[in-house]
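# Fold and contact review
The primary structure of each chain is shown beneath.
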Amino acid sequence: MSNKTKLQFFLILLVLFLCIVFYLIYFSKNDTKLTSKQKIITNTDISESSKGSSIKDILYESYDDKGNKFIIKSKTGTFDEKKKDEINMINVEAKIILVNGAIVTLMSETARYNSFNSNTKFIKNVKLEYLDHKINSDNIDVIFTKSKIEAYNNLIYKNSDIILSADKVELDLFTKNTKISMFNNSKVKIIKEYNGNN
C-alpha cells in the first residue's frame, strides 16, 4: 500500500468519525434535563398481576443536570400498564440531596414515580422536611425537572416562626423561595404565631 492510499484511507476514517461525533452531539435525542445517571438499585422480587408488573424493595437514584441527587425507595410498587414510565409505589421514603448540602426528606403512604424524569406525586399522609420548613398534607408533587415542590390538600405548614393552614405551598429548591396561597383567594389561616418570648 502506497503512502497516498494510506493517506486517503486515513482521511475517509477521519470524515466518518467526525460525522458520527456531529450526529451524536446535534441529533441525538435529549428530551429531558436529567442525565442518564438514573438507575434502579434493587429489585429483588418481580411478579405479574392484572394491573401490571409488581416489584418489592425498590430503590431509585437519579441526578439532575445541576448535580442534585434524588433517592426514592418503597416497600412495593406496580408498573403502570398505560404509562410505561410510571411506577405506583407503596410505603414511600425519599430524599433530595441538593448540591449545597441541604436535604429534603419526604414520606408518604403512596406515590406515583416517573422513572423517565424522576417527577413524583406523593399521595396520602405526606410529610416533608426541608431546612426549617415542615409540611403535612394529602399531596406533594416533586417536579424534579424544575427543582420545585408543590404541596396541597389538607395542608399544615410549620417553620420556626409560624404554624398555618393553607391550600397550597410552593418551594423553589433553587432559590429557596416559598409561596403560600389559597385556591379561592381567601386569607391563609394562621394557627399559631411565635414571638420572641416563646
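Residues numbered from 1 in each chain as written. Predicted model: local features only at pLDDT ≥ 70, side-chain atom pairs only at ≥ 80, totals over all residues. Heavy atoms only, no water.

### Examining the overall build of the protein chain
Applied cut-off: In DSSP terms, a helix is any run of H or I states spanning at least four residues, a strand is any run of E spanning at least two, and both are numbered starting from the N terminus. Remark: exposure states derive from per-residue accessible area (1.4 Å probe, protein chains only) relative to the maximum for the residue type, with buried under 20%, exposed over 50%, and partly exposed in between. Residue contacts are defined here by distance: any two heavy atoms, one from each residue, within 4.5 Å place the two residues in contact. Calculation of accessible area relied on Shrake-Rupley with a 1.4 Å probe; when residues are assessed, cover is drawn exclusively from the protein chains displayed.
Along the protein chain, the regular secondary structure elements total 1 helix and 12 strands. Along the protein chain, from the amino end to the carboxyl end, the secondary structure elements read α-β-β-β-β-β-β-β-β-β-β-β-β. Scored against the burial criterion, the 198 residues of the protein chain give a buried share of 35%. For the protein chain, restricting intrachain contacts to residue pairs at least 6 apart in sequence, the fraction spanning at least 24 positions comes to 39%. Just so you have it, the protein chain exposes about 12,900 Å², and 54% of that area is on carbon and sulfur atoms.

### What about the packing of aromatic side chains?
Put simply, the rule reads: A pair of aromatic rings is counted whenever rings of Phe, Tyr or Trp (Trp by its six-membered ring) have centres within 6.5 Å, and the orientation is called stacked for planes under 30 degrees apart, edge-to-face for over 60 and tilted otherwise.
Throughout the structure, instances matching the rule amount to 3 aromatic pairs. The interplanar angle of 35° and the centroid separation of 5.2 Å between the aromatic rings of Phe70 and Phe144 together place this pair among those described as tilted. Here Phe70 is found in strand 4 (residues 69–79), whereas its partner Phe144 is found in the loop between strand 8 (133–143) and strand 9 (148–158), with 74 residues between them in sequence. Looking at Phe70, the relative accessible area reads 0%, which means it is buried. Since its relative accessible area comes to 4%, Phe144 is described here as buried. Members of the aromatic cluster, joined through ring pairs, are Tyr60, Phe70, Tyr113 and Phe144.

### Overview of the side chain of Ser108
Applicable threshold: Polar contact criterion, stated in full: a pair of N or O atoms within 3.5 Å, where within protein one must be able to donate a hydrogen and the other to accept it, and residues adjacent in sequence count only if both atoms are side-chain atoms.
Mapped onto the elements of the fold, Ser108 is located in strand 6 (residues 103–114). The exposure class of Ser108 is buried, given its relative accessible area of 7%. A distance of 2.7 Å separates a polar atom in the side chain of Ser108 from the backbone oxygen of Thr110.

### Here we look at the pattern of salt bridges
For clarity, the threshold we go by: What makes a salt bridge here is a side-chain nitrogen of Lys or Arg within 4 Å of a carboxyl oxygen of Asp or Glu, nothing more.
Enumeration according to the criterion identifies 8 salt bridges in this entry. Taken together, the shared-partner salt bridges connect Lys148, Glu150, Lys168 and Glu170 into one network.

### Structural notes on the confidence of the model for the protein chain
As a note on interpretation, predicted positions should not be read in detail where pLDDT is low. Rules: A residue's pLDDT is simply how confident the predictor is in it, with values from 0 to 100.
The predicted model of the protein chain averages 77 in pLDDT, with 80% of residues at 70 or higher. In the model, residues 30–50 has pLDDT below 50 throughout and makes 53 contacts with residues more than four positions away in sequence or in other chains.

### So, the layout of surface pockets
The condition that has to hold: A pocket, in this scheme, is an open set of points on a 1 Å grid over the protein atoms alone with protein on both sides within 12 Å along at least 5 of 7 lines, while a cavity is a set where a 1.4 Å probe fits but cannot get out; residues line either one if an atom lies within 4 Å of a point. Grid points are joined across faces, edges and corners, and a volume is the space filled by probe spheres set on the points. Just so you know the grouping, Ala, Val, Leu, Ile, Met, Phe, Trp, Tyr, Cys and Pro go in nonpolar, Asp, Glu, Lys and Arg go in charged, and all remaining residues, Gly too, go in polar.
In this model, the largest pocket occupies a volume close to 250 Å³. Listed by contribution, the elements that provide at least two residues to the lining of the largest pocket are strand 4, strand 5 (86–97), strand 6, strand 7 (120–130), strand 8 and strand 9. Taken together, the residues that form the lining of the largest pocket break down as 8 nonpolar, 2 polar and 7 charged.

### Re the nonpolar core
This is how it is decided: To define a nonpolar core, start from buried Ala, Val, Leu, Ile, Met, Phe, Trp, Tyr and Cys residues and group those joined through side-chain atoms within 4.5 Å.
Grouped together as the largest cluster of nonpolar side chains are 35 residues, with contacts concentrated most on Ile96 and Phe122. Every element with two or more residues in this core is listed here: strand 3 (52–63), strand 4, strand 5, strand 6, strand 7, strand 8, strand 9 and strand 10 (162–172).

### Some words on the pairing of strand 9
As a reminder, the rule being used: Between any two strands, at least two bridges found by DSSP are needed for them to pair.
Summarising the sheet, strand 8 and strand 9 pair through 8 bridges and their orientation is antiparallel. Within strand 9, the position partnered with Lys134 by the bridge is Lys158. Where strand 8 folds back onto strand 9 in an antiparallel hairpin, the turn is made up of 4 residues, including Ser147, whose phi is positive at roughly 50°. The pairing of strand 9 with strand 10 spans 9 bridges and is classified as antiparallel. Its bridge partner being in strand 10, Leu155 is matched across the sheet by Ala166. In this structure, the hairpin formed by strand 9 and strand 10 is closed by a connection of 3 residues.

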